[in-house]
Amino acid sequence: ETAVFQTPNYHVTQVGNEVSFNCKQTLGHDTMYWYKQDSKKLLKIMFSYNNKQLIVNETVPRRFSPQSSDKAHLNLRIKSVEPEDSAVYLCASSTDWGGVQNTLYFGAGTRLSVL
Amino acid sequence: GDSVTQKEGLVTLTEGLPVMLNCTYQTIYSNAFLFWYVHYLNESPRLLLKSSTDNKRTEHQGFHATLHKSSSSFHLQKSSAQLSDSALYYCALSGGSNYKLTFGKGTLLTVTP
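To keep things clear, this report deals only with the structure shown in the data block. (Residues numbered from 1 in each chain as written. Chains lettered and ligands numbered in written order. Predicted model: local features only at pLDDT ≥ 70, side-chain atom pairs only at ≥ 80, totals over all residues. Heavy atoms only, no water.)

### Focus on the state of the cysteines
Item 1. Counting across every chain of the model gives two disulfides over all chains.
Item 2. One disulfide bridge connects Cys23(A) with Cys91(A), the sulfur atoms lying 1.9 Å from each other. Where Cys23(A) bonds to Cys91(A) through sulfur, the torsion about that S-S bond is close to -80 degrees, and the disulfide is left-handed. Of the two residues, Cys23(A) is situated in strand 3 (residues 19-25) and Cys91(A) in strand 9 (residues 87-94); the sequence distance between them amounts to 68 residues.
Item 3. When its relative accessible area of 1% is taken as the criterion, Cys23(A) is described as buried.
Item 4. The partner cysteine of Cys23(B) in its disulfide is Cys91(B), sulfur to sulfur 1.9 Å. Between Cys23(B) and Cys91(B) the sulfur-sulfur dihedral comes to about -65 degrees; the bridge is accordingly left-handed. Taken together, the positions of Cys23(B) in the loop between strand 3 (19-21) and strand 4 (24-26) and Cys91(B) in strand 10 (residues 87-95) put the pair 68 residues apart, joining distant regions of the chain. Here Cys23(B) matches Cys91(B) in class, with each residue buried. (Disulfide = S-S within 2.5 Å. Helix = DSSP H or I, 4+ residues; strand = E, 2+ residues; numbered from the N terminus. Buried < 20%, exposed > 50% of the residue type's maximum accessible area, 1.4 Å probe, protein only.)

### Observations concerning the packing of aromatic side chains
Item 1. This structure, assessed with the given rule, holds eleven aromatic pairs over all chains.
Item 2. Between Tyr33(A) and Tyr35(A) the ring centres are 6.2 Å apart and the planes differ by 40 degrees, which places this aromatic pair in the tilted class. The burial state of Tyr33(A) is the same as that of Tyr35(A); both residues are buried.
Item 3. With a centroid separation of 5.7 Å and 45 degrees between ring planes, the pair formed by Phe63(B) and Tyr89(B) is classed as tilted. Taken together, the residues Phe63(B) in strand 8 (residues 63-66) and Tyr89(B) in strand 10 connect sequence positions 26 residues apart. When sorted by exposure, Phe63(B) lands in the same class as Tyr89(B), which is buried.
Item 4. Within the aromatic cluster, the residues linked to one another by ring pairs are Tyr33(A), Tyr35(A), Phe106(A), Phe33(B), Phe35(B), Tyr37(B), Tyr90(B) and Phe103(B). (Phe/Tyr/Trp six-rings, centres within 6.5 Å; stacked < 30°, edge-to-face > 60°.)

### A closer look at the interface of chain B and chain A
Item 1. Contact residues are listed per partner, giving 20 residues for chain B and 20 residues for chain A.
Item 2. Carbon and sulfur atoms make up 62% of the area that chain B and chain A hide from each other, which totals about 1700 Å².
Item 3. Put simply, chain B and chain A have zero salt bridges between them.
Item 4. The interface formed by chain B and chain A holds nine residue pairs in polar contact (both at pLDDT 80 or more) in total.
Item 5. Elements supplying a minimum of two residues to the side of chain B that touches chain A: strand 5 (33-39), strand 6 (46-51), strand 10 and strand 11 (98-103) of chain B.
Item 6. Among the residues making up the side of chain B that touches chain A, the classes are represented as ten nonpolar, six polar and four charged. (Contact = heavy atoms within 4.5 Å. Buried area = accessible area lost by both parts, 1.4 Å probe. Salt bridge = Lys/Arg side-chain N within 4 Å of Asp/Glu carboxyl O. Polar contact = N/O pair within 3.5 Å; in protein donor to acceptor, adjacent residues only side chain to side chain. Nonpolar A, V, L, I, M, F, W, Y, C, P; charged D, E, K, R; others polar.)

Right, here's the structure in full:
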């Protein structure tokens, strides 16, 4: 049963454009994440929010900016996309922050193609 | 820092044969948790199984894995592959106060008739 919802499923755009992706979770979790799955299927964390507060900000280009209005929503904006941004962006949530045993619940992903 | 190694990027098996996907890791933390996530095509990645207990077999949906801290391994196994097992499998690690999950590169399992 899906509980982490991402929109859009796919997005095709041109270099230099701005894009925004949305994510909502209905699990009541405190923590949400953005991961990037590149063309080689490598999964890397980009950002993490706990109760609307940014707690992890990996080394990503400054054109990426996360936005959280409440703990159930975490959006991702990319200002001026580059070809290397083509990837699948996966949103995830977990019950809270700090538990090494926490399970991640993923959305289905947003596939971005930059022409 | 923490690292996870999945040696095989691609494993192709005939239905009915046993599955073994390798995962080794490096961490300095004794409280490390190891995970296997499965990503079926056009679905969300989801947890398959996880463990932090040394030498204890963990099972779920026909798959099993045993964490061996002496060899830093957490290999995923299944006695008989099914066509529906075709998917991308990620091994992952978290530990210490670094609750950030470190993923391996993933192993794409393809099961053929």
